[in-house]
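Each chain is listed here by its residues.
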Amino acid sequence: MKKLNRKNTGLEQLNPIKVVQFGEGNFLRAFVDYAFQRLNNEVDFNAGIAMVQPLAGGMVNMINDQDGLYTLFMNGIKKGEKIQDIQLITNVVKGVNPYTEFANYLALAKEEELQFIVSNTTEAGIEYVDTDTPDMQPPSSFPAKLTLLLYERFKHFNGDASKGLTIIPCELIDYNSEALKKCILQYCELWKLEEVFVTWVSDACTYHSTLVDRIVPGYPRAEIDEYNSKLDYQDNLIVAAEPFFLWAIEGGDDLKQKLPFHKTNLNVKIVEDIRPFKMIKVRILNGAHTAMVPVSLLFGNKLVMETVNGSFTGPFVDNVISEISETLPMDKNEITAYAEEVMDRFKNPFIKHALADIALNSISKFKVRVLPSLLGYYNTNKKLPTSLTFSLACLIQFYKGTWKNEVLPVKDTPELVEAFKNAWQLGTLDSVVAAVLANAEFWGDDLTKIKGLSEALVVALNEIETNGIENGYANFAKSVLV
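Residues numbered from 1 in each chain as written. Predicted model: local features only at pLDDT ≥ 70, side-chain atom pairs only at ≥ 80, totals over all residues. Heavy atoms only, no water.

1. Description of the sheet that holds strand 14 (residues 268–271)
Read across the open sheet, the 3 strands follow the order 10-13-14; overall the sheet is mixed. In this open sheet, the two edge strands, each paired with only one partner strand, are strand 10 (210–213) and strand 14. In this sheet, adjacent strand axes meet at a mean angle of 10 degrees when their direction is disregarded. (Pairing = 2+ DSSP bridges. Helix = DSSP H or I, 4+ residues; strand = E, 2+ residues; numbered from the N terminus. Axes fitted to C-alpha atoms, helices over the stretch in contact; angles between N-to-C directions.)

Right under this line is the structure:
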């Protein structure tokens, strides 16, 4: 088959770059890039996207090798029937690796028609690193990279307020745009940048918090021959996603004019307050995802669908969602309906969502997605939630790095992995749990202050190591500590 590129497909005319996107992974390609493709197709939005690789290791070379083109498969069930929608995504103009082509990265700031910054650098991505300096090529953190890009644009256009950018982060943290803006202003202060630039960053640029909701398994490695059979070209960047799509963005009429999604039937909601959308989605869908991963991987599963259909892990996920649901201050019928929809989405037979992929940065994910439910349950019921507490125990076991003489797919920052390694070298389970829970950098607080949590986790870990996951959970559930 012919190679997928613009020459072979007759798509050599490029849209002007209107979007700079930090992140080149599966989710952004199946979500944000798809959304802008819909705008291009349906309202002639004419937006090109430049992808920026946020980490030194990434996919920019593969993306550029296909001239930014890739195929999106959206697979699901509608009214009992299997459906599959196949779309060639054509709006990615190029990928840029700032670690190897820093000048090309800064040159993006000079794009005349640039309007939007979008990002998804995981929950750990929006952080302030005080060792980042303006002469680094590039700085380590995403906010520092973005600050340099904004400063370059400010200088190039002589502070023209009309050249300010609309900044739409998609990281799953509360008030993600406010957190990003705060980091940018911290770098302005650290680097002693001009006050007129600080004003431009604050007033000429706008910041919009978001909620994103779509399950994206990514590259369908196990079924790749079947996927390839439906194409007449060779695509090394196929991405699979579910049909469900929700993008809630905080903003008013000005943003609706900039992003005319109301002229499409794509489920993009530009609203004054995304908190109700965010709470139920992050707590139930993302929380269940994150809570199931260590339990199911240690049990021996590989996929989300395998997990929710399992005779043990399926009821476990149901219990997790039930515990989470108790903590949500929302209409119970609405919560129940959403939870049922989530389980149906998890069971989508087309979605081969690897647990190992979801395991990326599991500690920061647990902190944001699961810990509020665990603590909320504890505060309301004056006791620990059985399944969420057991999930935390499995997470600690998972970060040991090995289980039954097999290496586990732990993917996190070197510093965090090293901290867990040091904790596990302390020897006793009491010492391990104490070291992990006391690390406020993991959780935002010292969790040893939660009455009974340390003791419950020691019991759970002892059960896991002695009796395995299923029997260990059964025994733990009978414990007086939960």
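On we go from here.
2. So, the packing of aromatic side chains
Applying the stated rule across the entire model yields 32 aromatic pairs. Aromatic pair F31 and W247: ring centres 5.5 Å apart, planes at 65 degrees, arrangement edge-to-face. Note that F31 is positioned in the loop between helix 2 (26–30) and helix 3 (32–43) and W247 in strand 13 (residues 246–250), a separation of 216 residues in sequence. By relative accessible area, F31 is classed as buried at 0%. (Phe/Tyr/Trp six-rings, centres within 6.5 Å; stacked < 30°, edge-to-face > 60°. Buried < 20%, exposed > 50% of the residue type's maximum accessible area, 1.4 Å probe, protein only.)

3. Some thoughts on the side chain of T147
Counting through the fold element by element, T147 comes out in helix 6 (residues 142–156). According to the relative accessible area criterion, T147 is buried, its value standing at 0%. Here the side chain of T147 touches P143 through a polar contact of 2.7 Å, landing on its backbone oxygen. Filtering out sequence-adjacent residues up to four positions away, T147 remains in contact with I184, Y187, W191, L193 and F197. (Polar contact = N/O pair within 3.5 Å; in protein donor to acceptor, adjacent residues only side chain to side chain. Contact = heavy atoms within 4.5 Å.)

4. Topic: the packing of helix 11 (residues 275–299) against helix 18 (residues 386–398)
Taken N-terminus to C-terminus, the directions of helix 11 and helix 18 make an angle of 60 degrees; their axes are 8 Å apart at the nearest point. With respect to helix 18, the element helix 11 is oriented oblique. When the axes of helix 11 and helix 18 are compared, the crossing they make is left-handed. Contacts between helix 11 and helix 18 involve A291, P294, V295, L297 and L298 from the former and L388, F390, S391, C394, L395, Q397 and F398 from the latter. Across the contact of helix 11 with helix 18, the residue classes tally to 10 nonpolar, 2 polar and no charged. (Parallel < 35°, antiparallel > 145°, perpendicular 65-115°, else oblique. Left-handed = near helix turned anticlockwise from the far one by under 90°. Nonpolar A, V, L, I, M, F, W, Y, C, P; charged D, E, K, R; others polar.)

5. What to know about unusual backbone geometry
Going from Q137 to P138, the amide bond is cis rather than trans, its omega being 5 degrees. Along the chain, P138 turns up in the loop between strand 7 (116–119) and helix 6. Positive phi, close to 60 degrees, is recorded for N46, a residue that is not glycine. Relative to the elements of secondary structure, N46 occurs in the loop between helix 3 and strand 3 (48–52). Note on N46: relative accessible area 33%, which makes it partly exposed.

6. Quick look at the side chain of Q397
Positionally, Q397 belongs in helix 18. In contact with Q397, not counting residues within four places along its chain, are L298, W403, L408, W424, L461, I464 and E465.

7. Structural notes on the packing of helix 20 (residues 429–438) against helix 22 (residues 453–477)
Relative orientation of the contacting elements helix 20 and helix 22 amounts to 130 degrees, with a least axis distance of 9 Å. Between helix 20 and helix 22, the angle falls in the class oblique. Here the hand of the crossing between helix 20 and helix 22 comes out right-handed. Touching L429, D430, V433 and L437 of helix 20 are L453, S454, L457, V458, L461, N462 and E465, all from helix 22.

8. Here's the deal with the sheet that holds strand 8 (residues 166–169)
Taken together, 6 strands build an open sheet; the order of strands is 6-3-2-7-8-9 and the sheet is parallel. Edge positions in the open sheet fall to strand 6 (92–96) and strand 9 (206–207), since each of these has one partner strand only. Here strand 8 runs beside strand 9; their pairing, made up of 2 bridges, is parallel. Across the sheet, the residue bridging to I167 is Y207, located in strand 9.

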